[in-house]
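A structural walkthrough
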Amino acid sequence: MEILPVLNYLAFFMVFAGIFAVMALGLNLQWGFTGLFNVGVAGFVAVGAYASAILTGPPEPERFGGFGLPILVGWLGAMLLSGVAAFVVAVAALRLREDYLAITTFGIAVVIQLVATNAQGLTGGPFGIQSIPRPFVEALGTGFVWNLAYLGLVALVLGLAWWALERLVASPWGRVLRAIREDELAAASLGKRAAAFRLQSFVIGCMLMGLAGALYAHFVGYIAPEDFLPILTFQIWAMLIVGGSGNNAGAVLGAFLVWAIWSVSGNLIREVLPAAEQARGAALQVVLIGVMIAAILVLRPRGILGERATVSRHAGKD
Amino acid sequence: MTAALEMAAIEGGYEPGLPILRGASLSVAPGEIVALLGPNGAGKSTLVKAAAGLVPVWSGRVMLGGRDITGLAAHRMVHEGLGFVPQTENVFANLSVLENLQLASALVARKRRLDLGRMFELFPDLDRQRKLEAGRLSGGQRQMLAVARALVASPSVLMLDEPSAGLSPKLVGVVFERLKAVRDTGVTILLVEQNVKAALAIADRAVVLVEGRERLEGPAAELVNDPRMAALYLGAAA
Amino acid sequence: MLQLVADGLVVGSVIALGAVGLTLTYSILRFANFGQGEFMTWGAYFAVSTLAFVLAVTGGGVMEPLGPFSFGWQLIVAMLLAAALTAILALVVDWLLFRRLRRGNAITLVIASFGAALALRNLVQFLYGTLPEYYSREIQIAIRLVPRDVMGGLRVTPDQMLVIGLTLVLMLALQWLLTRTTLGRAMRATAMNPALARVAGVDVEGVIRATWVIGAALAAIAGVFVGITLQIRPMLGFDLLLPLFAAAILGGIGSVRGAVVGGYIVGLAESLSVPLVGAEYRAATAFAVLIGILLLRPNGLFGARA
Ligand SMILES: Nc1ncnc2c1ncn2[C@@H]1O[C@H](COP(=O)(O)OP(=O)(O)O)[C@@H](O)[C@H]1O
Ligand SMILES: [Mg+2]
């Protein structure tokens, strides 16, 4: 067996795991630290991916966009646009019962999926957007070295996101967030300010998801609506729940672990099942994720790492 | 003689490791009205809720007419003959007066059921409001309905948590008169009260709970002027 | 125009049936059940199997259409069996999952329902495949009720009329159950105040089981209705989930009557929006309704209490 394909696959795997980890960090800020239930992760990821693709891609006659802007601009645009989408959702749902946010985020993800599939002039429709620029590709080619370089980039973004979140969470802002989550009285006494804090947390979390979407788009080079199906949301949730919400290390660990389980089981299905049965096998794989979410909630509600001990004794009740 | 209701060395609380009841005991003889008194936060509500099966009992016993009912599910208590009227939200606000009583009546065995007609005789105010949503009753009528709802299951012992709360002094008098009438039909009553004077006026005996334990008990007539009463209330406040 | 209204009423019937189950579980179990749509899907597919079973047992394996309808009496039997099986499925999921999480935070239940929905949906796909199925291949002749030159005309199939009619009957029956029976009063009492319900002698776990049975059975029937009027697909229930939530919130969550009215409003809105936004964005209408109601009247059209 040659070593290079294995290494290449490993780099590939790590890039994806890293991108998922950024999404999981965003979700952790929302759910783990603020108690906001976001079921539209895939939608916000899609907004980021499409935004960056449209901003940075080459012009195409049939489609809006293709501004050919620098990739960094695309990423900032991705964060901005998913932040705006998050803001709209939050304004409608955040002041209401907590499960209304779940329903609304679910809804926006459905609508974003519809737009991605149908707004040909913007998103390319079912075929999506091709030839999204990949950074450094002129210098490095598309081989192993490039994969490795992109892995470095993802690691950098992940590290930055981690660092920023740790600082945020430890800051007075983060302490207020936890107080709001754990203590309804504290939340009530803060009143409108509490709503503002939750909104900020929700928007920042979604911006991270949008950034992750952009990272994905520029790695793969093309995106299509089926990259952002609800299953993506489930995967990120599984990652957070497995790793342990309320803990950034847990979120990242969960991302790598669940992605490993997912990849291995996916490969297994491809190897073992005949071509005709592959679709059914894939369905079974998703059943596995669903059962895993449910089982961990029942058996080990704090995940593998659980919430860090700095948090008060109420933590387990969430 | 077996007590109608006896609680012995009850320990319990809402969260493990945070005991609210620390060995509380009390006993109510058949046909008695016993007032359960004590400063705010003493655990009076928690004690009656524990007896009713709404708060976990970690140790100790609850005996009803000599039968051990400790730890039974709350809805089973009704069938055993223990009635409970919580302090707040004690009627189904979205059901009519009649439906409140019909539900309570339908849930117990036929031979336990009290005739709804007789209930309306006991509480004529309610009779006129049969079709009204319970949430729209006045405070006093709501309290009557809560008592009536519990009585429909013909309990041998009725526990009430602060039935005078939020009522005008006149209404308190009316409600307590009804309670006496209820006792005269043979129902034993355990009455949690903040309103010490009113409670001691109708009670035969009283128990004072402080920090989850009974600290004083005796005939109501004697406790009215007992200086230790004031001390217990003040001590808890300090 | 008339045609769109009629189509909206058919879809609205399905949404209403599903939303009633959603609102019941919400008011008694106190969480938004993302699995409600899957009960529709499972009901529709269960009926595929029970229909095959009934046809096999009654000999011949063929279904003679009943009067003007596209299906025979066997499908009615199959539908009832499917409703029973779906109710059992809901009880099993509750027993395995939700029951164990009831003491915790409500939002944990929402996440759990999310995971359960995912597993259930893909299990259907695993068991039945992704190709659309039909109960009957009979071609139905639509009856022209209004000639073409009056408001665009109106053609309705007997199946569609049956769906609307049966939905109304079911809703009246449910209304009777909730207001006239001890179970119904116990359900309303539990929704209002579970602790008091227990004190009054209500076996709350029993009420919860009854709620699952009713909600899942109605969802299953709604699923079969989709199968009769359109087709049966694994995404059938998932695609209806957003309209269900929109309908339940529109009617004021917890209100059965509100869910029915909300269901028809969402169904009509979806149908009438088709000429405006195109059929492909039909599903976005439910979202627009949802956002609108959340911004303007978050307690729903009929919800008074906050
Ligand atoms: N639902 C609850 N959960 C946790 N603690 C409670 C709850 N209800 C009451 N407590 C606590 O139990 C203690 C006793 O309260 P309670 O029994 O209501 O006292 P009382 O009725 O004598 O005023 C208080 O410290 C109160 O804070
Ligand atoms: Mg009290």
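Our subject in this report is the structure included herewith. By convention here, each chain's residues receive numbers from 1 onward along its written sequence. Here the convention is simple: chains get letters from A, ligands get numbers from 1, in the order in which they are written. Totals for whole chains, interfaces and linings use all residues, but because this is a predicted model, local features are given only for residues with pLDDT of at least 70 and pairs of side-chain atoms are given and counted only at 80 or more. To obtain the side-chain values, all non-hydrogen atoms of the structure were included, while hydrogens and water were left out.

Brief notes about the sheet that holds strand S3 (residues 33-37) of chain B
Residues and elements named next belong to chain B. Two strands form a pair only when DSSP identifies at least two bridges running between them. Numbering of helices and strands runs from the N terminus, with a helix taken as a DSSP run of H or I at least four residues long and a strand as a DSSP run of E at least two residues long. Spatially, six strands are ordered S6-S7-S8-S3-S9-S10 in an open sheet, and the strand pairing comes out mixed. Each edge of the open sheet carries a strand with a single partner, namely strand S6 (82-85) and strand S10 (213-219). For this sheet the average axis-to-axis angle between neighbouring strands, irrespective of direction, equals 15°. Relative to strand S9 (residues 205-210), S3 runs parallel, the two sharing four bridges. The angle between two axes is taken between their N-to-C directions and runs from 0 to 180 degrees, where each axis is a line fitted to C-alpha atoms and a helix contributes only its stretch in contact.

Some details on the nonpolar core
Note on soluble globular proteins: their nonpolar side chains tend to be buried together. Membership of the largest hydrophobic core comes to 211 residues, with the highest contact counts inside it found for Ile223(A), Phe34(C) and Tyr135(C). At 16 residues, helix H8 (residues 204-229) of chain C tops the list of elements feeding residues into this core. Discounting chain neighbours no more than four positions away, the residues touching Tyr135(C) are Ala44(C), Ala47(C), Val48(C), Leu51(C), Met63(C), Leu75(C), Gly223(C), Val224(C), Gly227(C), Ile228(C) and Ile232(C). Core analysis: the next-biggest nonpolar cluster, separate from the first, contains 49 residues, Ala220(B), Leu223(B), Met229(B) and Leu232(B) among them. To define a nonpolar core, start from buried Ala, Val, Leu, Ile, Met, Phe, Trp, Tyr and Cys residues and group those joined through side-chain atoms within 4.5 Å. The buried label applies to any residue whose accessible area, calculated with a 1.4 Å probe on protein chains only, is under 20% of its type's maximum; exposed applies above 50%, and partly exposed to all values in between. Residue contacts are counted whenever heavy atoms from the two residues lie within 4.5 Å of one another.

Description of the site of ligand 1
Residue and element names in this part refer to chain B. The environment of ligand 1 is made up of Tyr14, Ile20, Pro39, Asn40, Gly41, Ala42, Gly43, Lys44, Ser45 and Thr46. Under this definition, polar contacts are N or O atom pairs within 3.5 Å; protein pairs additionally need one hydrogen-donor-capable and one acceptor-capable atom, and for neighbouring residues in sequence, both atoms have to be side-chain atoms. For ligand 1, an oxygen atom lies 2.8 Å from a polar atom in the backbone of glycine 41. The contact in question runs from an oxygen atom of ligand 1 to an N or O atom on the backbone of lysine 44, over 2.9 Å. If ligand 1 stood free it would expose 560 Å²; the protein chains cover 58% of that surface. Lys, Arg, Asp and Glu make up the charged group, whereas Ala, Val, Leu, Ile, Met, Phe, Trp, Tyr, Cys and Pro make up the nonpolar group; the residues left over, Gly among them, are polar. A breakdown of the residues in the shell around ligand 1 according to their chemical character gives four nonpolar, five polar and one charged. Residues are labelled near a given molecule or strand when at least one of their non-hydrogen atoms is within 4 Å of it. All accessible-area figures derive from a Shrake-Rupley calculation using a 1.4 Å probe, and residue coverage is judged against the displayed protein chains alone.

Here's the deal with helix H3 (residues 97-106) of chain B
In terms of burial, H3(B) is a largely internal element, eight of the ten residues being buried. For H3(B), the full list of buried residues reads Val97(B), Leu98(B), Glu99(B), Asn100(B), Leu101(B), Leu103(B), Ala104(B) and Ser105(B). Against helix H4 (116-122), helix H5 (124-128) and helix H6 (139-151) of chain B together with helix H5 (158-180) and helix H6 (182-192) of chain C lie the buried residues of H3(B).

A word on the interface of chain C and chain A
It is common to give the size of an interface as the accessible area that goes away when the parts come together. With 40 residues of chain C at the interface, the matching set in chain A holds 44 residues. Between chain C and chain A lies a buried interface of about 3,800 Å² when both sides are counted; carbon and sulfur atoms form 80% of it. Looking at the side of chain C facing chain A, the largest losses of area belong to Ile111(C), Phe114(C) and Phe126(C), adding up to 17% of the total buried there. For this analysis, a salt bridge means a side-chain nitrogen from Lys or Arg found within 4 Å of a carboxyl oxygen belonging to Asp or Glu. Inspection of the region where chain C meets chain A yields zero salt bridges. Joining chain C to chain A, the criterion identifies three residue pairs in polar contact (both at pLDDT 80 or more). Buried area adds together the accessible area that both of two parts lose upon being put together, with accessible area traced by a 1.4 Å probe.

Section: the packing of aromatic side chains
Between rings of Phe, Tyr and Trp, where Trp is taken as its six-membered ring, a pair exists when centres lie within 6.5 Å; planes separated by under 30 degrees are stacked, by over 60 edge-to-face, and by other angles tilted. Taken as a whole, this structure holds 30 aromatic pairs over all chains when the rule is applied. A centroid spacing of 6.0 Å and a plane angle of 90° characterise the contact between Phe44(A) and Phe202(A), whose relative ring orientation is edge-to-face. With Phe44(A) in helix H2 (residues 41-56) and Phe202(A) in helix H10 (residues 192-220), this pair connects stretches of sequence that are 158 residues apart. Phe202(A) matches Phe44(A) in its accessibility class, with the two residues each being buried. Ring-pair connections join several aromatic residues into one group, and the members of that group are Phe12(A), Phe16(A), Phe20(A), Tyr50(A), Trp146(A), Tyr150(A), Tyr216(A), Phe219(A), Phe228(A) and Trp259(A). Note on criteria: charge over ring means Lys NZ or Arg CZ within 6 Å of the ring centre, with the direction from the centre no more than 35 degrees off the ring normal. Positioned above the aromatic ring of Trp146(A) is the side chain of Arg134(A), whose terminal nitrogen or guanidinium carbon lies 4.8 Å from the ring centre. In this structure, Arg100(C) is placed above the aromatic ring of Trp95(C), and the distance from its NZ or CZ to the ring centre is 5.3 Å.

Considerations on the pattern of salt bridges
Applying the stated criterion across every chain, the model contains 18 salt bridges over all chains. Across the pair Arg128(B) and Asp125(B) runs a salt bridge whose closest N-O atoms are separated by 3.7 Å. Of this pair, Arg128(B) and Asp125(B) both sit in helix H5, three residues apart, which is roughly one turn of that helix. Here Glu270(C) and Arg282(C) are joined by a salt bridge, their closest N and O atoms 3.3 Å apart. Highlighted residues: Glu270(C) in helix H10 (residues 256-277) and Arg282(C) in helix H11 (residues 282-296), separated in sequence by twelve residues.

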